[in-house]
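Summary of the model geometry
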Amino acid sequence: MAQSIEKRLVLYTDDRNLICPNCRTLMKYKYSGLYVCEKCGAEELDDFGKIKKYLEEHGPTNAIDLAAKTGVRRSKIGEFLRLGKVEIPENSSTFIHCKSCGTAIRFGNYCAACVHAKNIQGAYIGDVAKKAKDVPEKMRFLNLE
């Protein structure tokens, strides 16, 4: 039991520094949450990589199910939504809200109207939610790397 606790502590030192579970060397970040050990070739996914892989394989899902299936905390999923790394599908019934006016948005912190009206600098501007029935669900990822 102590060995498994040690492995978890070593494996995830933080979101950007993964240690190889096989040879204990620092893994190199490749893309989209994937880390590769240059010494032994082992691959690991960070929280974003787990979310992206699950959504690509299973399609859109709500944050509660996503957290349960990937082991990523719901608060972390919320961070990815606020940063615009993950978007809520256009015809979803659940959205996040503008931090200023409360308008439903698909990602980001503020709606475009609040950013322009209040001259908010450096904010992630989210798309205002549209509930269209004829638009197919799709999940998009922004390549911020």
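Before reading on, note that the structure itself is shown above.
Below or above, wherever it landed, is the structure these notes cover.

Criteria and thresholds
- Residues numbered from 1 in each chain as written.
- Predicted model: local features only at pLDDT ≥ 70, side-chain atom pairs only at ≥ 80, totals over all residues.
- Heavy atoms only, no water.
- Helix = DSSP H or I, 4+ residues; strand = E, 2+ residues; numbered from the N terminus.
- Buried < 20%, exposed > 50% of the residue type's maximum accessible area, 1.4 Å probe, protein only.
- Contact = heavy atoms within 4.5 Å.
- Areas by Shrake-Rupley, 256 points an atom, 1.4 Å probe, with all protein chains shown as cover.
- Core = buried A, V, L, I, M, F, W, Y, C linked by side-chain atoms within 4.5 Å.
- Salt bridge = Lys/Arg side-chain N within 4 Å of Asp/Glu carboxyl O.

This part takes up the overall build of the protein chain. Secondary structure summary: the protein chain contains 5 helices and 9 strands in total. For the protein chain, the N- to C-terminal ordering of α and β elements is α-β-β-β-β-β-α-α-α-β-β-β-α-β. A burial count over the protein chain gives 35% of its 145 residues as buried. Taking the contacts inside the protein chain whose residues are at least 6 apart along the sequence as the reference set, 33% of them involve residues at least 24 apart. Accessible surface for the protein chain amounts to roughly 9,000 Å². Of this, 51% is attributable to carbon and sulfur atoms.

Turning next to the nonpolar core. Membership of the largest hydrophobic core comes to 18 residues, with the highest contact counts inside it found for I51, L55, L66, I77 and V86. Mapped onto this core, the elements with two or more residues apiece are α2 (47-58), α3 (63-70) and α4 (74-83). In terms of residues, this core owes the most to one element, α2, which gives 4 residues. Within the second largest apolar cluster, 6 residues are counted, among which are L18, C20, M27 and Y35.

In total, this model carries 4 salt bridges according to the counting rule given. Residues E56 and K52 are paired through a salt bridge, measuring 4.0 Å at the closest nitrogen-oxygen approach. Highlighted residues: E56 and K52, both in helix α2, separated by 4 residues, approximately one helical turn. A relative accessible area of 54% means that E56 is categorised as exposed. A relative accessible area of 16% means that K52 is categorised as buried.

Don't take any of this as a statement about function, it's just geometry.
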